[in-house]
Amino acid sequence: MRLLVIEDEKDLRAALEKGLREEGYAVDVAEDGDEGLFKAESWDYDAILLDVMLPVMDGWQVLERLRHKKSTPVLMLTARDTVRDRVRGLDLGSDDYVVKPFSFRELLARIRALIRRSAGSASSVLELGTVRVDTAKRVVLQNGGPVELTAREYALVEMLAFRKGKVVTRTELYDHLFAEEDQTLSNLLDVHVCNVRKKLGKDFIETRRGHGYIIEGAAG
Amino acid sequence: MIADSIRWQIQAWHGALLVLITTILLTFFWGYERAQRLSRVDERLQSALLMVLPAAQFELRQEEGHEGARPPPFEMGFGDFLFDEGIQPPHEERRPPREPKGQRERPEILRAKQYLSTLEATSIYTVALNDRHHEVMRTSNAPGIVYPPDSPGTDGESRFRTRSGYRELMHFRPRKDVLIVGTSISEVTVALQKLALRLLGIGLGVVGLGLLGGWWLASRAIRPIAEISATAERIAEGDLTQRVETHGAKSELGRLAALLNHTFERLHNTFEQQAQFTADASHELRTPISVILAQTELALMRDRSAEEYREALECCHRSGEQMKTVVNALLELARMDAGDVNLQTEDCDLAEVVKEAILYVEPLAEQRQVSIQAELEPLSIKADKEKLKQVLTNLLTNAIKHNSDGCAVNVELLSEGDMAVIRVSDNGAGIPEAILPYVFERFVRADKARSRSEGSTGLGLSIAKAIVEAHGGSISVSSVEGQGAEFVVRLPRGWKLFGRLI
């Protein structure tokens, strides 16, 4: 899953970036509204963390303009806590409104909820035959037993699991598993797919030649 | 409570005044009427007296002359009694007066005696008393008892008196004789009593109606006051958006209502400003707090390297410093708001102060590649040196920060009349028109979020303004966006005493 953090406060931005990366997300950052809007319009992020008090263009404007083009889940992150501001934020099109200072763990949970909802999945646990993906705990179980996956491997599984039964193109996978600064080796994806197949079974992820990958999830 | 009510007070005074005026007027009227009636009576008595006088004189002289030869007249007593043939008893047939034996009566005496007999048919009576207060003559319609005068009178004097229902005119003759002409005034008295009752009735009616009318008028006048009170009460309970009705702002109450509304408006705005300030202040502090919490939470989420911990701690430290700056600035502003400015004034060489400030910001200027020019006139005033330095540093820092490379900041110090003037101008980015009127307000920044991480609080100019104004001076700004800005600080050079600078 790929996230965009638009926050001008340097130390806070750094903390968010680091913390989210450690959770296994691919993270892009922006320092001001202009840069943030540009990136948000260019990529399909799984969620955007948007501060309100931004230089050049404030968060309200970014949100408003973004909504003309994309329906990316947006979580507003701001020190402005009046009811008026909250209502405004939510009515302008954000999906959640978190007031600073916040608890990091709570923030993570809200991000997970946003992604879950936008994937159309009500539950945080996805059953794929013998494999169970617990998106809240970020663990994968097979036949009841936990399976060790790296952050990237988990991210790959989670993404395909959320789109169970649908083909996901390689490009999409790249766009959602790697951040701006990560896009280096083009066969990194294949390596991860290979590793997952080793751990969860050859047929867990099916290849559709010329299209992409898919998890059917029916059999095991 | 009743005593406190304006309405009741007005009523009481109004009523008292009404009663007083009505009483005085009606009493005067009644008194006048009484005087009028009595004077009419008195006139009749006067003319009767003139008519009767000759007869009385004759009788008195007669009595005098026949003293001893006549039987002494009756003592005062009840009932009718006759004196010689001159007077006829009323129930007997009137006979023309006969000449007394041996004496011819003069014509006026005859006339008088005739008049006397006609008098008896009227209510006017007459009695003559001699010096021993014996009755010498009386008409039959005189009251049973006729009192002699209380005090003697001089010859020729006439005196009126009112005695138990009779009005009498007493005419004094020589040798203490007195002629009394009187009449019953019971009719007059009764008429006056009736008049008095009627007047009383009228008076009560007037007072009653007046009180009712007054009550109604007072109520009408007081009602707006009650309305205003009610509105003010609602406002006091917390709803500062309420306003008083001003039905036509020209009357006294209308002006009061308008004034109250104006006051409430200002109160409301002040509270709004306070609320806004609190929101802004907490916002300013929330950001560094968020950083600290995020960094520490993150650092504690898993085992970290020493380097990571150090970075986290450095972030926290920076944020702590930021909070300290904001809190200190807020406290300073709060103190100044409360009037506790605490200026340590001393003789201050302004040129020196400016130079020190420039020196202080030099590293920043160098970093930004901004040059600072100064034209300083030697000028000494009484001021708080440290605080002025703070002001100048703030202005210079702003100028440097809002400038791009290669720009210049200019500082001028000169005297204009009795003011010391400091100008700090730059040719950098300038201040956007939208916020130009608000730059001296708290938490207003040229660019909402810029340079927060560089330690800017948005309070510098507010504090600068407060310091300058505490010195009795003023600060102003002019700017064209894109062309730079100029801040002008004016400080009084000294205090004026009788128009001279000291």
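To keep things clear, this report deals only with the structure shown in the data block.

Reading the values: the criteria
- Residues numbered from 1 in each chain as written.
- Chains lettered and ligands numbered in written order.
- Predicted model: local features only at pLDDT ≥ 70, side-chain atom pairs only at ≥ 80, totals over all residues.
- Heavy atoms only, no water.
- Pairing = 2+ DSSP bridges.
- Helix = DSSP H or I, 4+ residues; strand = E, 2+ residues; numbered from the N terminus.
- Axes fitted to C-alpha atoms, helices over the stretch in contact; angles between N-to-C directions.
- Contact = heavy atoms within 4.5 Å.
- Core = buried A, V, L, I, M, F, W, Y, C linked by side-chain atoms within 4.5 Å.
- Buried < 20%, exposed > 50% of the residue type's maximum accessible area, 1.4 Å probe, protein only.
- Expected span 1.5 Å × (residues − 1).
- Bend = angle between axes of the 7 residues up to and from the residue.
- Left-handed = near helix turned anticlockwise from the far one by under 90°.
- Nonpolar A, V, L, I, M, F, W, Y, C, P; charged D, E, K, R; others polar.
- Polar contact = N/O pair within 3.5 Å; in protein donor to acceptor, adjacent residues only side chain to side chain.
- Buried area = accessible area lost by both parts, 1.4 Å probe.
- Salt bridge = Lys/Arg side-chain N within 4 Å of Asp/Glu carboxyl O.

## Here's the deal with the sheet that holds strand β5 (residues 96–99) of chain A
Residues and elements named next belong to chain A.
Step number 1: Ordered by their spatial adjacency, five strands build an open sheet running β2-β1-β3-β4-β5, and the pairing between neighbours is parallel. Across the chains shown, the open sheet's two edge strands, defined by having one partner strand only, are β2 (26–30) and β5. The average angle at which neighbouring strand axes cross in this sheet is 20 degrees, direction not considered.
Step number 2: Across four bridges, strand β1 (residues 2–6) lies against strand β3 (residues 47–51) in parallel orientation.

## Notes on the sheet that holds strand β7 (residues 131–134) of chain A
All names here are of chain A.
Step number 1: In space, the four strands of this open sheet follow the order β6-β7-β8-β9, with antiparallel pairing throughout. Since the sheet does not close on itself, it has two edges, and those belong to β6 (125–128) and β9 (145–147), each with one partner. Averaged over all neighbouring strand pairs, the angle between strand axes comes to 30 degrees, with direction disregarded.
Step number 2: Pairing analysis gives three bridges linking strand β8 (residues 139–142) to β9, with the strands arranged antiparallel. By the bridge assignment, L141 is partnered in β9 with P146.
Step number 3: On top of the sheet, helix α6 (residues 151–162) reaches β6, β7 and β8; it is set at about 100 degrees to β7, its chief contact.

## Description of the nonpolar core
Step number 1: Within the largest apolar cluster, 53 residues are counted, with the highest numbers of intra-cluster contacts made by L395 and L396 of chain B.
Step number 2: Sorting elements by how many residues they give to this core places helix α6 (residues 350–368) of chain B first, with eight residues.
Step number 3: Not counting residues up to four positions away in its chain, the partners in contact with L395 of chain B are V424, L461, I475, F487 and V489 of chain B.
Step number 4: Among the nonpolar cores identified, the runner-up in size contains 52 residues, and V5, L49, F162 and L200 of chain A belong to it.

## Quick word on α6 of chain B
All names here are of chain B.
Step number 1: End to end, α6 covers 26 Å across 19 residues, agreeing with the expected 27 Å (1.5 Å per residue, within 8%).
Step number 2: At E362, α6 shows its maximal kink, close to 50 degrees; a proline, P363, follows between one and four residues later.
Step number 3: On its buried face, α6 sits against β6 (345–349), β7 (371–376), β8 (380–384), α7 (385–401), β9 (408–416) and β10 (419–426).
Step number 4: Just beyond α6, the residue with positive phi is Q369, at close to 60 degrees.

## A look at the packing of α7 of chain B against helix α8 (residues 460–470) of chain B
Residue and element names in this part refer to chain B.
Step number 1: One can describe the packing of α7 onto α8 by two numbers: an axis separation of 9 Å at closest approach and a directional angle of 145 degrees. Note that α7 runs across α8; the crossing there is left-handed. Counted together, K387, Q390, V391, N394, L395 and N398 of α7 and G460, L461, I463, A464, I467 and V468 of α8 form the full contact between these two elements.
Step number 2: For the contact of α7 with α8, the residue count by class is seven nonpolar, four polar and one charged.

## Side note on the side chain of R138 of chain A
Residues and elements named next belong to chain A.
Step number 1: In this structure, R138 sits in the loop between β7 and β8.
Step number 2: Residue class for R138 comes out buried when judged on its relative accessible area of 15%.
Step number 3: Within the structure, the side chain of R138 is placed 3.3 Å from the side chain of Y25, a separation counted as a polar contact.
Step number 4: Not counting the four nearest positions on each side in its chain, R138 is found in contact with E23, G24, Y25, R112, Y154 and E158.

## Section: the interface of chain A and chain B
A common measure of how large an interface is: the accessible area buried when the components associate.
Step number 1: Of the residues lining the interface, 24 residues belong to chain A; the matching set on chain B comes to 22 residues.
Step number 2: Summed over both sides, the interface between chain A and chain B buries roughly 2200 Å², with carbon and sulfur atoms accounting for 56% of that surface.
Step number 3: Summed over the shared surface of chain A and chain B, the result is five salt bridges.
Step number 4: Across the salt bridge formed by E22 of chain A and R304 of chain B, the nearest N and O atoms sit 2.2 Å from each other.
Step number 5: The tally of links between chain A and chain B comes to eleven residue pairs in polar contact (both at pLDDT 80 or more).
Step number 6: Every element with two or more residues in the side of chain A that touches chain B is listed here: α1 (10–22) and α5 (104–118) of chain A.
Step number 7: In terms of residue count, α1 of chain A provides more of the side of chain A that touches chain B than any other element does, six residues in total.
Step number 8: For the side of chain A that touches chain B, the residue count by class is twelve nonpolar, two polar and ten charged.

## Quick look at unusual backbone geometry
Step number 1: Following K100 of chain A, the chain continues into P101 of chain A via a peptide bond in cis, with omega recorded as -10 degrees.
Step number 2: Structurally, the position occupied by P101 of chain A is in the loop between β5 and α5.
Step number 3: Within the chain, S164 of chain B stands out as a residue other than glycine whose phi angle is a positive 35 degrees.
Step number 4: Note on placement: S164 of chain B falls in the loop between β3 (158–163) and β4 (166–172).
Step number 5: The phi angle at Q369 of chain B is positive, at roughly 60 degrees, despite the residue not being glycine.

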